[in-house]
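Descriptive analysis of the structure
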Amino acid sequence: MDFFDFHHHKKYIGYGIYNVNPENIPPDFAFSVGIHPKEINIDMLDSQFHWLQSNINDRCFAIGECGLDSFSNVDQKTQEDVFLRQIKISNDVKKPLIIHCVRKFYEVISFKKYAEQAMIIHGFNKKQGIAEDLLKNNFYLSFGKAVLYNLSLQNTLKMTPLDKVFLETDNDDFIIEELYQKAAEIKGISLERLNEQILENLETIQNG
Ligand SMILES: [Zn+2]
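Residues numbered from 1 in each chain as written. Predicted model: local features only at pLDDT ≥ 70, side-chain atom pairs only at ≥ 80, totals over all residues. Heavy atoms only, no water.

1. Here we look at the coordination of the zinc ion
- With distances of 2.1 to 2.6 Å, the protein atoms coordinating the zinc ion are His7 (NE2), His9 (NE2), Glu65 (OE) and Asp170 (OD).
- Because the angles between the four donor atoms bound to the zinc ion fall within 82 to 179°, the donor set is best described as irregular.
- Counting along the primary sequence, the residues that act as donors to the zinc ion give the motif H-x1-H-x55-E-x104-D. Placement of Glu65 in strand 4 (residues 60-69) and of Asp170 in the loop between strand 8 (165-167) and helix 6 (176-187) is noted, with a sequence separation of 105 residues between them.
- The buried category is assigned to Glu65, whose relative accessible area is 5%. (Donors = N, O, S within 2.8 Å, 3.2 Å for Na, K, Ca; no water. Tetrahedral: all angles 85-135°; square planar, octahedral: opposite > 155°, others 65-115°. Helix = DSSP H or I, 4+ residues; strand = E, 2+ residues; numbered from the N terminus. Buried < 20%, exposed > 50% of the residue type's maximum accessible area, 1.4 Å probe, protein only.)

Here you go:
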């Protein structure tokens, strides 16, 4: 069985969504392309957006990672402008948004109204209350390595509806199958059932 890795940075993983590094050329498998809030360069913004736009093709699965990050050196207003522009691109090209968010969840929620496509919070590892608010606002949550050992996050995954879940390795070095196994155990379902559901979720977000 192959296990879809929703968000990763490793060129050797062919089954999943590879996040393209700034100014790089996308691979010949599924990828996401976007301007990360920590990588915004105010003097180069035009060329950053040109790079983004020119790499949107059939293999581009999603726009991102993009979003808001309270540890970024870029001021909040600029981060929000760049985020909103990427939401509009996602609307235009009809592709979902992969969201990077650090300590700005309620600000990100306030941008949901502008998005016509699905928004997926990648690497979610925060408190259950935040998860609940995100789910209420129709976000998807993509869980990563922390689920393997973080008990409260395991509980959050348990209460997250299966049709809102994705799984990813991001930058971490481990095998995605391990995470699928853990998630199936937490959800009390078979690995096959979980895999099936994730593929269904992918279809749902692809169809807007
Ligand atoms: Zn990442």
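2. Some remarks on unusual backbone geometry
- Glu65 follows Gly64 through a cis peptide bond whose omega is 5°.
- Even without being a glycine, Glu23 presents a positive backbone phi close to 65°.
- By the secondary structure assignment, Glu23 is in the loop between strand 2 (16-19) and strand 3 (31-33).
- The class for Glu23 is partly exposed, based on a relative accessible area of 48%.
- Backbone geometry at Asn138 places phi at a positive 70°, although glycine is not the residue there.
- As for its position among the elements, Asn138 is in the loop between helix 4 (128-136) and strand 7 (140-143).

3. A short note on the side chain of Asp170
- This buried residue, Asp170, is left without a salt bridge; Lys10 holds the nearest opposite charge, at 6.9 Å.
- Engagement of the side chain of Asp170 in a polar contact is seen with the side chain of His9, the distance being 3.0 Å.
- Excluding its chain neighbours within four sequence positions, the residues that come into contact with Asp170 are Asp5, His7, His8, His9, Lys10 and His122. (Lys, Arg positive; Asp, Glu negative; His and termini not counted. Salt bridge = Lys/Arg side-chain N within 4 Å of Asp/Glu carboxyl O. Polar contact = N/O pair within 3.5 Å; in protein donor to acceptor, adjacent residues only side chain to side chain. Contact = heavy atoms within 4.5 Å.)

4. Regarding the nonpolar core
- Phe124 and Leu167 are the most contacted members of the largest nonpolar core, which has 69 residues in total.
- In this structure, Phe124 is in contact with Phe105, Ile130, Ala131, Leu134, Leu141, Ser142, Phe143, Leu153 and Thr156, ignoring residues within four places of it in sequence. (Core = buried A, V, L, I, M, F, W, Y, C linked by side-chain atoms within 4.5 Å.)

5. Section: the packing of aromatic side chains
- A full pass over the atoms with the stated rule returns nine aromatic pairs.
- Arranged with centres 5.2 Å apart and planes meeting at 85°, the rings of Phe4 and Tyr15 form a pair that is edge-to-face. One end of the pair, Phe4, is in the segment before strand 1 (5-8); the other, Tyr15, is in the loop between strand 1 and strand 2, and 11 residues separate them in sequence.
- When its relative accessible area of 8% is taken as the criterion, Phe4 is described as buried.
- Overall, the relative accessible area of 33% leaves Tyr15 in the partly exposed class. (Phe/Tyr/Trp six-rings, centres within 6.5 Å; stacked < 30°, edge-to-face > 60°.)

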